[in-house]
Amino acid sequence: MGTREVVTWHDTFDEDAVRIAERELARQHEEDRQRDRDRRDRAKQERDRREKQEREAREQHELNSKMSGLRSSLTDGLKTYQVGSKTNIAKQGIDHVNIAMFGPTGSGKSSFIQIAEKVLIGKTTVITQSDAKEGTIILLEFLPELNFRLFDTRGFFDVNKSMHKELDNILTGRIRPSQVIVRDEEEGSLPEGQAMRTGPVPLKDRMHAVICLLGHKDPKEYSDKMKNIRASLKEEGYSPVGALAFINEADYVNHDKRESLMVKMSASMGSPRDRTYAFINHLATETEVSAESAINVMDILDTALIAAEGYIKVQQQREKYAKERAKPKADAAAMSIKDFIEQIGEEHKWDEKKVNSALQLLEDEDIYDVAGLKQFWDDVKPKLSIGMRSAIQNALFPK
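Residues numbered from 1 in each chain as written. Predicted model: local features only at pLDDT ≥ 70, side-chain atom pairs only at ≥ 80, totals over all residues. Heavy atoms only, no water.

Trainee: Is there a simple way to explain the sheet that holds strand β3 (residues 140-142) in this structure?
Mentor: Strand pairing in a sheet relies on backbone hydrogen bonds. The paired strands run either parallel or antiparallel. Strand order across the open sheet formed by 6 strands is β3-β4-β1-β7-β8-β9, with mixed pairing between neighbours. With partners counted over all chains shown, the strands left at the sheet margins are β3 and β9 (276-280), one partner each. Across the sheet, the axes of successive neighbouring strands diverge by a mean angle of 25°, strand direction being ignored. One ladder, built from 5 bridges, connects strand β8 (residues 241-246) with β9; its direction is parallel. Looking at β9, one finds that Ala243 is bridged to Tyr277. Of the strands in this sheet, β7 (209-215), β8 and β9 are in contact with helix α7 (residues 255-269), which crosses β8 at around 135°. (Pairing = 2+ DSSP bridges. Helix = DSSP H or I, 4+ residues; strand = E, 2+ residues; numbered from the N terminus. Axes fitted to C-alpha atoms, helices over the stretch in contact; angles between N-to-C directions. Contact = heavy atoms within 4.5 Å.)

This is how it looks when you write it as structure tokens:
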């Protein structure tokens, strides 16, 4: 009887095929898991997006509610502001006020701008930090929807050698919004193709107010730079509004500590204490905008508008006086006696009664021109009061 070969299952088992099949199953399983993770990530991103929108809308609603209960009239006044509504100045072609805001990088300017935008126009601009490196856009415009513009002087404060020159160029309107400045070791200059304004700049194109914004640090850190800046602002006729951005909420809510810092910062910035305000830098603290901070930002802007109109009024008066001084004066000898006496009266602020009495006296003496008054001055002057006699004599016989 022959021998029969018995074949068992393990004799036909192909280990390589099994390993390939296992790897394929594992790959398919991993792909399924990755697709599931991607689907969950997309769902989470969408959920986060909706939650952010809802949170921002809720925050805006809460902020609006708080603002309406506190200082809604202030906010409405800023939204509807018209040039001249604060001090009744003549517009003379000025349809909006320009407010320059400057301070070191990280001082809270971006937070200030975003609070102002959120309250006044209901949206915010994403602002990146800037330093004083080459190619920096140093003058960015915000709030163009309103009748005042807020200009962020980006990176300007961190320049040393060319800082005061740039400050003067910004305030006088020689550097315009969105121009890029090239900074090297010596000084700042504009790249080829970007011309700086030369000659007189119209008042409407200059900066009309300045907000000096410093971070919550030791005031001594700013003392040297601010000393020169205060002198520059004073020379140009600006009275700055001060803003102090706190990055420590505990210091902000501590009244004594906050007041101590405010007094020091007020002196450093050159702004009166009653024109120096504080708010919390919500970007640095990663907190929601408090109603108190929002109101203080609105107060800063409102105070800046008052300062701006004051500056415009002074500059208009200066321009008026400059034009009057530039006018050629008429030859006194060729003037009628009426014009001559009225001109003297205007210079010495005589009232109408005083002017008319002088004219009547000269008419009684049959004097109708300046030449006749000079000829008979010795006869006429004893009949005039001492003040009137002195004014007329100085005009007749200038030294």
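Trainee: Can you help me understand the nonpolar core in this one?
Mentor: General note: in soluble globular proteins, nonpolar side chains tend to be found buried as a group. Judged by nonpolar contacts, the single largest core of 67 residues is most densely connected at Phe112, Phe148, Leu150, Ile211 and Leu301. By residue number, the principal contributor to this core is helix α9 (residues 291-326), which donates 11 residues. Those residues in contact with Phe112 that lie beyond four places of it in its chain are Met101, Leu150, Ile211, Leu213, Phe279, Val297, Ile300 and Leu301. (Core = buried A, V, L, I, M, F, W, Y, C linked by side-chain atoms within 4.5 Å. Buried < 20%, exposed > 50% of the residue type's maximum accessible area, 1.4 Å probe, protein only.)

Trainee: For this particular structure, what's the right way to read helix α14 (residues 386-396)?
Mentor: Owing to its 3.6 residues per turn, the α-helix brings residues three or four apart onto one side. When we look at burial in α14, the residues that qualify are Met388, Ala391, Ile392 and Leu396. In a view along the axis of α14, the buried residues occupy a sector of 130°, so they form one face of it. Its buried side turned inward, α14 meets α10 (337-347), α11 (352-364), α12 (370-375) and α13 (377-380). (Arc of directions from axis to C-beta.)

Trainee: Looking at this structure, I do not really get the pairing of β9. What am I missing?
Mentor: Across a regular strand the side chains alternate sides, sitting on one face of the sheet and then on the other. Counting buried residues in β9 gives 5 out of 5 residues, a clear majority hidden from the surface. Neither face of β9 is exposed, since Thr276, Ala278 and Ile280 on one face and Tyr277 and Phe279 on the opposite face are all buried.

Trainee: Help me understand the packing of α10 against α11, please; the structure alone is not making it clear to me.
Mentor: It is the contact of α10 with α11, at a shortest axis distance of 10 Å, that shows an interaxial angle of 150°. The orientation of α10 with respect to α11, classified from their angle, is roughly antiparallel. Considering only the axes of α10 and α11, their crossing is right-handed. The segment α10 lies against α11, with Ile337, Lys338, Ile341, Glu342 and Gly345 engaging Val355, Ala358, Leu359 and Leu362. Residues belonging to the contact of α10 with α11 are distributed by class as follows: 6 nonpolar, 1 polar and 2 charged. (Parallel < 35°, antiparallel > 145°, perpendicular 65-115°, else oblique. Left-handed = near helix turned anticlockwise from the far one by under 90°. Nonpolar A, V, L, I, M, F, W, Y, C, P; charged D, E, K, R; others polar.)

Trainee: Looking at this model, I keep getting lost on unusual backbone geometry. Mind explaining?
Mentor: For residues other than glycine, phi is negative in most cases, and the peptide bonds are mostly trans. Residue Leu143 is not a glycine yet carries a positive backbone phi of 60°. Using a relative accessible area of 1% as the deciding quantity, one classes Leu143 as buried. The backbone of Lys349 sits at a positive phi, close to 60°, despite the residue not being glycine. Inspection of the secondary structure puts Lys349 in the loop between α10 and α11.

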